[in-house]
Structure formats: C-alpha cells, structure tokens
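Read off the chains here:
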Amino acid sequence: GGRITGAVLVFRDVTEMRALTREIAYHATHDLMTGLVNRREFERQLQQVLDGVRQGQSSGALCYLDLDLFKAVNDTYGHEAGNRAVKLVGEALVRLTRSTDVVARYGGAHLRAEAAVLRYAWDFEPVMDRMASGGTDLITLLGIYAGYSY
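Source: prediction; values computed, not measured. (Residues numbered from 1 in each chain as written. Predicted model: local features only at pLDDT ≥ 70, side-chain atom pairs only at ≥ 80, totals over all residues. Heavy atoms only, no water.)

Participant: In this structure, what is going on with the pattern of salt bridges? I would like to understand it.
Facilitator: Between side chains of opposite charge, a pair can form as their charged atoms come close. Under the defined criterion, the tally for this structure stands at five salt bridges. Between aspartate 31 and arginine 105 there is a salt bridge, with the nearest N and O atoms lying 3.4 Å from each other. Taken together, the residues span a long stretch of sequence, with aspartate 31 in the loop between α1 (15-29) and β1 (37-38) and arginine 105 in strand β3 (residues 102-107) at a distance of 74 residues. Both residues of the pair, aspartate 31 and arginine 105, belong to the buried class. Salt-bridge contacts for arginine 44 lead to glutamate 41; the nearest nitrogen and oxygen are separated by 2.5 Å. Of this pair, arginine 44 and glutamate 41 both sit in helix α2 (residues 39-54), three residues apart, which is roughly one turn of that helix. A relative accessible area of 41% places arginine 44 in the partly exposed class. (Salt bridge = Lys/Arg side-chain N within 4 Å of Asp/Glu carboxyl O. Helix = DSSP H or I, 4+ residues; strand = E, 2+ residues; numbered from the N terminus. Buried < 20%, exposed > 50% of the residue type's maximum accessible area, 1.4 Å probe, protein only.)

This is how it looks when you write it as structure tokens:
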C-alpha cells in the first residue's frame, strides 16, 4: 500500500510556443514598421537611466529628433515612399550610434515621425556632429535639425 510501482512521463515540444512568446515580446517593445524600440520600451529604458543618474550610478544624454518633413515626401512620392524614408532614417540613426545606445521611434502620425536616441554616456556630441555634417545623405536631404544639450 502506498508504493509507487510506475510512472507516466508526458513530453511536449514547446519550441513553437517559445518562438511565439519571443515574437510577442519583440512586438510589445518594437515599432512594427521600423523595427526600432517603441515609445513604451524607450520610456522604460529612459526611466532606468534617470534612476541611475539620480543615484549617481550612471550618466546619459538624450536627443529628440522631430522629423516633420515627411509630408513633402508623402505628397510628392506617396505614402509608401514616406514609410520607406522613416525606415531609412531609423537605419541611419542606428548606424550613427553605438550598439549600446537606444534608438527609438517615439511616435509619429502618417506624415511625421519622431525618434529619440538615448546614450548611456556623455559622448553624444560626436554623433550629433556626424549627423549635422551630413553623416547620412538622407538626414541631410530631409534637412533634419537635431539639437542636444548636456
């Protein structure tokens, strides 16, 4: 009485479920059109940096770009071209920053896009200088103004 004389093992392949979970997590934190970090995830990471700054554990810089010239692209070349321009600007910003930086599509209506770049150190000026001096043809073409302060 009360002795275990056997066992039943059930195996289940969860590979597909794990892949789906990773995909859902990615979509919850990234802009679907550009693949950049979305506003919610950017604000979460920004809060972490601000908390670190307040506690004296880290420093950072924030650059906010208002890319409001996409109306001209959309009016001249169509909505698809405007979307492609937003993607290209995002890709250019990723190339201009370090892998440890956060480039996000913070928001944006059909004719406007906003991007934010969060740096985890105070060496943001070289990136802004590259952007201002035409580090990417698309940024120069659109006449994007980007300001920064420390």
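Participant: What is the right way to look at helix α3 (residues 70-77) in this model?
Facilitator: Note that an α-helix has 3.6 residues per turn; residues three or four places apart therefore point the same way. Within α3, the full set of buried residues consists of Phe70, Val73 and Asn74. End-on, the buried residues of α3 take up no more than an arc of 95 degrees, which puts them together on one face. Of the exposed residues in α3, the ones pointing more than 90 degrees away from its buried face are Asp75 and Thr76. Note on α3: the residue one or two positions beyond its end, glycine 78, has a positive phi of about 105 degrees. (Arc of directions from axis to C-beta.)

Participant: Could you clarify how one ought to interpret the nonpolar core in this entry?
Facilitator: For soluble globular proteins, nonpolar side chains are generally found buried alongside one another. Leu36, Cys63, Leu65, Phe70, Val73, Ala85, Val86, Val89, Leu93 and Val103 form the largest nonpolar core, which has ten residues in total. Elements that contribute at least two residues to this core include exactly β2 (61-67), α3 and α4 (79-96). It is α4 that provides the largest number of residues to this core, a total of four residues. Residues Val37, Leu46, Val102 and Tyr106 belong to the second largest nonpolar core, which totals six residues. (Core = buried A, V, L, I, M, F, W, Y, C linked by side-chain atoms within 4.5 Å.)

The values are spatial; any link to function lies outside them.
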